[in-house]
Every structure is written in structure tokens, then in C-alpha cells.
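Remarks on the overall topology
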Amino acid sequence: MINKRVQAFKYIILDYISAVLVWVCFFAYRKIYVEPLKFGYSIPLDLDNNFYLAIIFIPIYWMTLYYLTGTYKNVYKKSRLKEMVQTFSQTFLGVLVIFFVLILDDQVANYTDYYLSFLTLVTLQFFLTYIPRFIITTRTKYLVKQRVIGFNTLLVGSNDKAYKLYKEIEDAKESVGYKFLGFVNGTINHQNDLAKHLKQLGTYAEIAAVVRQYQIDEVIIAIESREHDHLKAIIDELENSQADVKIIPDMYDIITGSVKMNHLFGIPLIQIKTDLMPTWQINLKRFIDVVVSLFFLIVLLPLYLITAIIVKLGTAGPVLFRQDRIGIHGKAFKIIKFRSMYLDAETKGPQLAKENDQRVTNFGKFMRRTRLDEIPQFYNVLLGEMSLVGPRPERQFYIDQIMAHAPHYKHLQKVRPGITSWGQVKYGYAENVEQMLARLKYDIIYIENMSIAVDFKILFFTIATVLQGRGK
């Protein structure tokens, strides 16, 4: 069984040790070579305060850079060539920043020493970082080839194409990591050659549940030409899963979006790329979420206490309101808010708040206008259940109604829900399903144009809404 966290931890530990060793070597290089050329005499190798500060913060800087650029993503599926290019790019960019921040003020005999210092640091950082990575990646690829490491794989299809693909992969001398757990097809108890080797786990309509139940890492779609009309439905079902999806190439003209070719024992497979943002932006977005949430949970503590006291003294009931919502990949979580309604406000079943809603307390009306009731959700963001910016999470009760009119709502579950969203800025709290549908188009636009810049724009408009008290 593969353990992605343990594998990532190996890279993290070795990257950290490499960053420390690099700075120790570079510190010695400056003391032994650069400074004596400037002053004309030997400089003692004293470990001053600046050295110890650098040993603490320089490795943290590198680890942050590596995380943001996606080094620790897909740790079992690394390519040594791509890793070399990535490591060099990270090194050059990282050293460039260090050079202008820390090294440019060094006292040198002439300007060529600056270039030599830059080149030395790049060389040390690249080789001491890449060599351990190369060793881990090489060892991992060997274990994959020997079938020691494998990725839970689901085959979609059951006739000739699927069977031939399965046999070619299984009969190959060296593996590329596919560990077939079973297959799904369009019918139940369909007798075929594949069924003699693999267990049927369900039908096309059940594929999302199968992926979750069996913790599938890879899905290979090998359906027959006559079944092409099922392809879009299959892709839609897999959209919210975290599995990598690949298809037989003769279906290429049917699929829209960004894809890349993968060659497997002479069989080209097309991988469907589902990332909505570049890896570095995805990681930076999460990094910002954590830092900002921690900041506001600490800084706004007096506001939390004051609000909690007013809510508690104002009406009977708990200070905080928790409710099941549906988040990324369709996973349920409990959203946290300051209670803005009277106790037992939904005794008649789920209801959305309306303008002049009698269930909302007097202070609750103020909180909803200023979004004050939402600030406990920074804790949801810290846990990774939400983001600062993203489509507002809904209850399953309303999702079912929305899906009846707009099946594309499921696209919103590709990302973490947010404290604020473009739809929230435009509509505030939706009062009915019709408004939810109207708000949906803005959230879809956000999904299709996600970027850090767009997030900051939405945050700016949200702050303006809060300051002007225009929420509802």
C-alpha cells in the first residue's frame, strides 16, 4: 500500500538538510575565499548571529518555495528529467531572490566576485538538492517497475478494447504502477473475457461511488466506439474525484479541455487535465488561506468575544451555529457561523433567510449586513474545509433542487467553497432556489477564470461591501 505522506516526508527532510548544508558551505566559501580577497588577510570562520539566523530562515524559505511550486505533489509519479528541470528552475529563481536580498550588500574586491558568488550558490543548491531527489525518484521507479508499488486502478469498459489493454499491461515485463482492482461497465453481470480476470465493481452510473469506496488512484476509460455516448456522462461523474483519468486516444476528438499524451508500452493514453489553476497558484492560494485565517483568528479575537457576548445576551440559544454543508469533491462538513436567528428557526424544515425574515434577530440583521456572522468560518478555512474565496457551500437539500435545473452545479465542487465568492458579492444571501440559480452563473464564471488575481479582486469587493454595510 502506498503512503503519499511518508514519501513526501522523505523529500521534505532531504530538501531541508540540503538547504542547511548549502548555506553552511556557502558561508564558508564567503569567509575563506571572497572576504580575504577584499581585505587582504584571512578571515576567521566565526559563526555569528547572522549565520544562525540564516540557518533557521533560509531552509524555511526554500521549503516554502518548493511547496508553492508543487515539488511535493504526485510524489510517486515523478519523472527524473522533469524533476531535474524543475529543480534547476527553483534553484535559479530562489538564488536570484537571495542574491538581491542578502548577497548584493557583501563587500567584494570587484564585481566579478558577485557573479562568482551567484554561480557558486546556484551550483551548490542545485546539486545538493537534486542528487537526493534523483536517488529517491530512481528507487521509487524501480519499485514501481517491480510491482512493489502500485496505484489502485479502475478499468472502465468490459469488451475487446478493455480486455486487450488489461492483458497488455498485465503481461508486460515491467510495470508502470497500475494495480487493477476491477472494472465497471454499462450493464450488470455482463459476461466477457475481462470478467474472468477482474471483478465487476458496478456500472457507469455508479463509477463515482466505486472510486470513493475503493480509493481509486487511476481510472482508464476503454469503452467501445458504440458506447461513446456514455463518455461525457462518465467524465462528469469523475469530475469531482481525485483520481487521474486516462482514455484510449481514438476518443480524443470527443473530449474538450487540456490533455496531455502518456505512452504506455506502445499504447498512448490521453490524460485529462483537471487542474483549474497552475500548481504554484493552487498551493499559493492554500498558503494565503492558512496565513490569513491564522492572522484573523488571532487579531479578531476581541471582536469574536464581543460578538459572542452580544449573541448570548440577546436571545436564548448557542453562540455558534453549525450546519452540514457540501464541500470540495462532494464531501460534507460542518460550517460555523455566529447564530443570527432565533432558536429552532427551522422547525418546519430547511428554509432560506429572506428580507425582513422574522426568524432573524435584531443583532443578526446587523451581522448579516456586515458579514460578521461569517467570521468564525476562518476556522473552517484553517482546517482546509473552505477557502477565503470560492463558491458558497450549500446544503444537500438545496443542491438536489439546483441540480434538477442546472446539472452543471457539480462543477462548483471541484474547488473548496469560500467565505466569500463572486456570486456572494453580487447577490448576498440567496432567498430562494431561483436566486441560487442566478448566483450560480457568476460562480461558474469564477471557476472558469480562477486565479490569485481574481481572488484578490473578489476580496476587495467583499471588503467594500462589508464597510458599506450593503450585505443582506
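Residues numbered from 1 in each chain as written. Predicted model: local features only at pLDDT ≥ 70, side-chain atom pairs only at ≥ 80, totals over all residues. Heavy atoms only, no water.

Regarding the confidence of the model for the chain
Do not read the predicted coordinates in detail wherever pLDDT is low. Of all residues in the chain, 91% attain a pLDDT of 70 or more, and the chain-wide mean is 86. Considering only residues more than four positions removed or in separate chains, one finds that residues 252–259, a stretch of pLDDT under 50, has 14 contacts. (pLDDT = per-residue confidence, 0-100. Contact = heavy atoms within 4.5 Å.)

What to know about the side chain of Asn185
Its location among the elements puts Asn185 in strand E2 (residues 178–185). Asn185 sits in the buried class, given a relative accessible area of 1%. At a separation of 3.2 Å, a polar atom in the side chain of Asn185 contacts the side chain of Ser158. Among the polar contacts made by the side chain of Asn185, one reaches the side chain of Gln200 at a distance of 2.9 Å. (Helix = DSSP H or I, 4+ residues; strand = E, 2+ residues; numbered from the N terminus. Buried < 20%, exposed > 50% of the residue type's maximum accessible area, 1.4 Å probe, protein only. Polar contact = N/O pair within 3.5 Å; in protein donor to acceptor, adjacent residues only side chain to side chain.)

Points about empty space enclosed by the protein
Counted by the stated rule, this structure contains 3 cavities of 30 Å³ or more. Considered as a void within the structure, the largest cavity measures approximately 80 Å³ in volume. In terms of lining residues, the largest cavity is bounded by Lys285, Ile288, Asp289, Ser387, Leu388, Val389, Ile452, Asp455, Phe456 and Leu459. Listing elements by their share of the lining of the largest cavity, those giving two or more residues are helix H8 (279–299), strand E10 (387–389) and helix H15 (452–468). In terms of residue count, the dominant contributor to the lining of the largest cavity is H15 (4 residues). (1 Å grid on protein atoms, 1.4 Å probe; cavity = no way out; pocket = protein on both sides within 12 Å on 5 of 7 lines; lining within 4 Å. Points joined across faces, edges and corners; volume = space filled by probe spheres on them.)

Notes on the environment of Leu467
If you trace the backbone, Leu467 turns up in helix H15. Measuring from C-alpha to C-alpha, the distance between Leu467 and Arg371 comes to 9.8 Å, with 96 residues separating the pair along the chain.

Quick word on the pattern of salt bridges
Across all of its chains, the model carries 15 salt bridges by this definition. When the shortest N-O distance is used, the salt bridge between Arg439 and Glu394 registers 2.4 Å. Separated by 45 residues along the polypeptide, Arg439 in helix H14 (residues 433–448) and Glu394 in the loop between E10 and helix H12 (396–405) bring together distant segments of the chain. For the pair formed by Arg439 and Glu394, the shared burial category is buried. A network of salt bridges, in which partner residues are shared, links Lys77, Glu218, Asp244 and Lys246. (Salt bridge = Lys/Arg side-chain N within 4 Å of Asp/Glu carboxyl O.)

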